[in-house]
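Secondary and tertiary structure notes
Read off the chains here:
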Amino acid sequence: MNKDRMISNFIEMVKIHSPSLGEKEYSDYLIEILKKLGLEIYLDEGYKVYGGTAPTIFAKLKGQITGEGITLAAHTDVVEPSKNTNPLIDGDIIKTDGTTTLGGDDKAGIASIIEVLRTIIEENIEHEDIYLILTPCEENGMLGSKNINWDNVPKHMIPAKDVIVIDNSGKAGLIAHTAPSRYNFKIIFKGRKAHAGIEPEKGINAIQLASIAISTMKMGRIDELTTSNLGSIESMFPSNVVADLCVVTGEIRGHSIDTILETLDIYEKCCSVATNSFGGEYSFEKICDFPTLKPLDDLKFANKFAKIYEDLGVTTKLQIIGGGSDSNIFAEKGYNSIIVGVGMENVHTVNESLDTRELIKTTEAIIKYIKKI
């Protein structure tokens, strides 16, 4: 493995602007690299559904050894502000000048993947098939992975079921294997307009209806594995008008779908009580934004990769995390994912940094894992 090359490649990549919905230049860059390395490529055009600019990149490095193979995954988009990123090297740490995000989330993951491929090829390491899934728009609701047309993916390009997603924040050795589902909800309260100064008794204030309902909803931590939050309350009326419309949005995420749905049912009953008591109407919409991620093999894959880390002297920790990622979407298709760290810290902020020592450790671990399977 060429550590300096990987770090130089990372710095080169973060200078390519690739926000969600605008990853085309970076995607073209990666496709060219993968072609030069001799990988077979299939480009999914799901981006056309949601108005994106770049495909999900499927790639395959055919192996010499028969087996199920392994899939490496990462995403190509970064969180704004990310234009004109100026990476600064401070010893083993790479950061920016404080005006943009770094883009280590997830270009550090992709730098690791590219170096893994280069090392495998250059050192003539025998291996099973290696598959890649590089998705756009992960940061924007996982739109890339959600819109993959799996029916169109050639059978021989269908990735291996065990997936290493190189997209965890924190140090090498952190292995996330379980993540919650998220449901978004939207409540529309309808009241009745009236002049607030002359005849307010003729009105039904939709903002008040929303407030009454919300005041009886349990928010924050519902239980050990379930959380809830309100995101917005919108009602744009002048103060001299009794507002007849108020829209409330929020989310519930948790590891039990039954608990999520039970909580949503309770929320809807709160709305019903408010409108039955004070008049007005409401509508309640709920949608699953992403499913749960759970290991499909009783943590066999996670523990196997943890052993690789430990053999390299890296302290490991298996994690249950609170956020969603492409892994949640892959889970619906029967993929068994672990999400590993590469030293990203303070992601999604202008204080983001990357510890290259951790990037090197995870890259070494992936190479070692591929040698062993």
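Just above, that's the structure.
Residues numbered from 1 in each chain as written. Predicted model: local features only at pLDDT ≥ 70, side-chain atom pairs only at ≥ 80, totals over all residues. Heavy atoms only, no water.

1. So, the environment of Gly-197
Let me state the cut-off plainly: Strands here are runs of E lasting at least two residues and helices are runs of H or I lasting at least four, both read from the DSSP assignment and numbered beginning at the N terminus. Burial classification: accessible surface area is computed with a 1.4 Å probe over protein chains only, and a residue below 20% of its type maximum counts as buried, one above 50% as exposed, and the rest as partly exposed.
Relative to the assigned elements, Gly-197 resides in the loop between strand E9 (181–190) and helix H6 (206–215). Judged by its relative accessible area of 61%, Gly-197 falls in the exposed class. It is 9.3 Å that separates the C-alpha atoms of Gly-197 and Ser-239, two residues lying 42 residues apart in sequence.

2. Looking at the sheet that holds strand E13 (residues 281–290)
Test applied: Criterion used throughout: strands pair if DSSP finds at least two bridges between them. All axes here are fitted lines through C-alpha atoms, helices being fitted over the stretch that makes contact, and every angle between N-to-C directions spans 0 to 180 degrees.
Pairing is antiparallel in the open sheet, where five strands are placed in the order E10-E11-E12-E9-E13. Of all the strands in the sheet, just strand E10 (220–223) and E13 have a single pairing partner and so form its edges. When strand polarity is set aside, the average angle formed by the axes of neighbouring strands in this sheet is 25°. In this structure, E9 lies alongside E13, joined through nine bridges in antiparallel fashion. Counterpart to Tyr-183 in the pairing with E13 is Cys-288.

3. Observations concerning the side chain of Thr-135
Structurally, the position occupied by Thr-135 is in strand E6 (residues 130–135). Given the relative accessible area of 0%, Thr-135 is considered buried.

4. Observations concerning the pattern of salt bridges
Two side chains with opposite charge may pair up if their charged atoms get near one another. Selection criterion: Salt-bridge detection follows one rule: a side-chain nitrogen of Lys or Arg within 4 Å of a carboxyl oxygen of Asp or Glu.
Scanning the model with the defined rule gives 17 salt bridges in all. Residue Arg-5 is joined to Glu-115 by a salt bridge in which the shortest nitrogen-to-oxygen separation is 2.8 Å. With a gap of 110 residues between them, Arg-5 in helix H1 (residues 3–14) and Glu-115 in helix H4 (residues 104–122) connect regions that are remote in the sequence. The partly exposed category is assigned to Arg-5, whose relative accessible area is 23%. The salt bridge partner of Arg-5 is Glu-122, with a shortest N-O separation of 2.6 Å.

5. Section: the sheet that holds strand E15 (residues 336–341)
Filter applied, for reference: Should any heavy atoms of two residues lie within 4.5 Å, those residues are considered in contact.
Within the open sheet, the eight strands sit side by side as E1-E2-E6-E3-E7-E15-E8-E14. Their pairing is mixed. On the outer flanks of this sheet lie strand E1 (40–44) and strand E14 (317–320), each paired with one strand and no other. Averaged over neighbouring strand pairs, the angle between their axes works out to 25° when direction is ignored. Of the strand pairs in this sheet, strand E2 (residues 56–61) and E6 are connected by five bridges, and their pairing is antiparallel. Each residue of the ladder has a partner; that of Ile-57, found in E6, is Leu-134. Helix-sheet contacts for H4 involve E2, strand E3 (70–75), E6 and strand E7 (162–168), and the interaxial angle to E3 is about 145°. Running at roughly 30° to E15, helix H8 (residues 300–311) makes contact with E3, E7, strand E8 (174–178), E14 and E15 of the sheet.

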